[in-house]
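Coordinate inspection notes
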Amino acid sequence: MLLAPEDLTPVSVYNEGSSSPLLIVADHAGNSIPHCLARLGLEDSEIERHIGWDIGIAGVCRELADALDATLVLQNYSRLVIDCNRPTGSETSIPEIAELIPVPGNIGLSDAQKESRIHEIFQPYHDRIEAELNRRKSDQPRALIAMHSFTPAFMGVSRSWHAGVLYNRDARFARLVMALLKLEDNLVIGENEPYDVSDSSDYTIPVHGERRGLPHVGIEVRQDLISNGKGQREWASLFARVLSCAYQQAISAKVCL
């Protein structure tokens, strides 16, 4: 067993039972480490960095869920234990190196050790997302909102975007969101920047959004903008307004619904 009784559950659900068609998910909301993994051999300062989690996004998501009266599904464990937005078996699923930093507790793992992380952390999180989508009957409107944050500089290169709108094959709902964000004053919005979505690099949108044929979007926010409660509330308010409007536009135009 990987998780002991004193460890956190792998997934938390906020505003459970909401009737909103929008389901918010946060793949990298937490940075907890199971006790038996001894912090993966890393200093706490490393786990607190962006390599360990999406800084600030849990606070944004809770504020957003309140504003939309929507259900939020949060993953509680660090992406360094297992990245819940990566296909299992990929090199970045259980990273041996994170931004040039070796992760001792991930080196030389047996298949059984990898499987325990999948079985006890990855799968319960995605099972809960699936259950929340299934809870809404197939003839009811549903949409998936995947929330992330990104570091202001990566490998020494500054990032100018305030936020990014992400998609894979189906850009219809994402482009509604992007068009509305670009109407805001003084915002630099990236289209599939600073990341893009693909089957090889991502899991949540391809599996829960595209395979189901649901309206979906990935949203990235720069971490320095949401590092405190004030920033989290401001961005949540903006996204609540934009997502509500985009969803209504999608319904009116019968776009991706």
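The sections below set out a description of the structure shown in this document. (Residues numbered from 1 in each chain as written. Predicted model: local features only at pLDDT ≥ 70, side-chain atom pairs only at ≥ 80, totals over all residues. Heavy atoms only, no water.)

Next up on the list: the overall build of the protein. Looking only at helices and strands, one finds six helices and eleven strands in the protein. Taking 257 residues into account, the globule formula puts the C-alpha radius of gyration at 18 Å, and the protein, at 18 Å, falls close to it. Overall, the protein is about 50 × 40 × 30 Å in size when its C-alpha atoms are taken along their principal axes. Taking all 257 residues of the protein together, 54% fall into the buried category. Taking the contacts inside the protein whose residues are at least 6 apart along the sequence as the reference set, 81% of them involve residues at least 24 apart. Here the protein displays about 11600 Å² of accessible surface, and carbon together with sulfur accounts for 50% of that area. Within the protein, one finds 24 positive and 35 negative side-chain charges whose respective centroids are separated by 6 Å. (Helix = DSSP H or I, 4+ residues; strand = E, 2+ residues; numbered from the N terminus. Rg over C-alpha atoms; globule rule 2.2 N^0.38 Å. Buried < 20%, exposed > 50% of the residue type's maximum accessible area, 1.4 Å probe, protein only. Contact = heavy atoms within 4.5 Å. Areas by Shrake-Rupley, 256 points an atom, 1.4 Å probe, with all protein chains shown as cover. Lys, Arg positive; Asp, Glu negative; His and termini not counted. Charge placed at Lys NZ, Arg CZ, Asp CG, Glu CD.)

Let us now look at the side chain of threonine 71. Of note, threonine 71 is situated in strand β3 (residues 71-75). Looking at threonine 71, its side chain comes within polar contact range of the main-chain nitrogen of serine 18, at 3.4 Å. Setting aside its immediate chain neighbours within four residues, threonine 71 contacts Val13, Tyr14, Asn15, Glu16, Gly17, Ser18, Leu22, Leu23, Ile24, Glu132, Arg135 and Arg136. (Polar contact = N/O pair within 3.5 Å; in protein donor to acceptor, adjacent residues only side chain to side chain.)

A word on the pairing of β3. Burial runs high along β3: five of the five residues are buried. Where burial is concerned, the two faces of β3 agree: the one with Thr71, Val73 and Gln75 and the one with Leu72 and Leu74 are both buried. Of the strand pairs in this sheet, strand β1 (residues 11-14) and β3 are connected by four bridges, and their pairing is antiparallel. Bridging from a neighbouring strand, valine 11 pairs with glutamine 75 of β3. (Pairing = 2+ DSSP bridges.)

What follows covers the nonpolar core. In this structure, Ile24, Met147, Phe173, Phe239 and Leu243 are the most contacted members of the largest nonpolar core, which totals 43 residues. When contributions to this core are tallied by element, the ones reaching two or more residues are β2 (22-26), α2 (57-68), β3, β6 (143-150), β9 (163-166), α4 (172-181), β11 (216-222) and α6 (229-253). Of the residues forming this core, the biggest block, ten residues, is contributed by α6. With 34 residues, the next largest nonpolar core counts Leu40, Ile82, Ile205 and Leu214 among its residues. (Core = buried A, V, L, I, M, F, W, Y, C linked by side-chain atoms within 4.5 Å.)

So, on to a nonpolar patch on the surface. Where nonpolar side chains cluster on the molecular surface, the patch consists of Leu100, Phe154 and Met155 and spans about 320 Å² of accessible area. In this fold, leucine 100 is placed in the loop between β4 (97-98) and β5 (101-102). Look at leucine 100 and you get exposed, because its relative accessible area is 67%. (Patch = residues over 30% accessible without salt bridge, like charges linked within 9 Å, V, L, I, M, F, W, Y side chains within 5 Å. Salt bridge = Lys/Arg side-chain N within 4 Å of Asp/Glu carboxyl O.)

Along its twelve residues, α2 runs 16 Å from first to last C-alpha, staying within 8% of the 16 Å computed at 1.5 Å per residue. For α2, every residue scored as buried is listed here: Ile57, Ala58, Gly59, Val60, Cys61, Leu64, Ala65 and Leu68. Each element contacted by the buried residues of α2 is listed here: β1, β2, β3, β6, β11 and α6. Aspartate 69 occupies a position one or two residues after α2 and carries a positive phi of about 50°. (Expected span 1.5 Å × (residues − 1).)

Under the counting rule described, the total for this entry stands at 15 salt bridges. Aspartate 44 is the salt-bridge partner of arginine 39, the closest N and O atoms lying 2.9 Å from each other. Judged by relative accessible area, which is 31%, arginine 39 ranks as partly exposed. Arginine 222 is the salt-bridge partner of aspartate 224, the closest N and O atoms lying 2.7 Å from each other. Overall, the relative accessible area of 38% leaves aspartate 224 in the partly exposed class. In this structure arginine 222 comes out as buried when scored by relative accessible area, which is 12%. Taken together, the shared-partner salt bridges connect Glu16, Arg128, Glu132 and Arg135 into one network.

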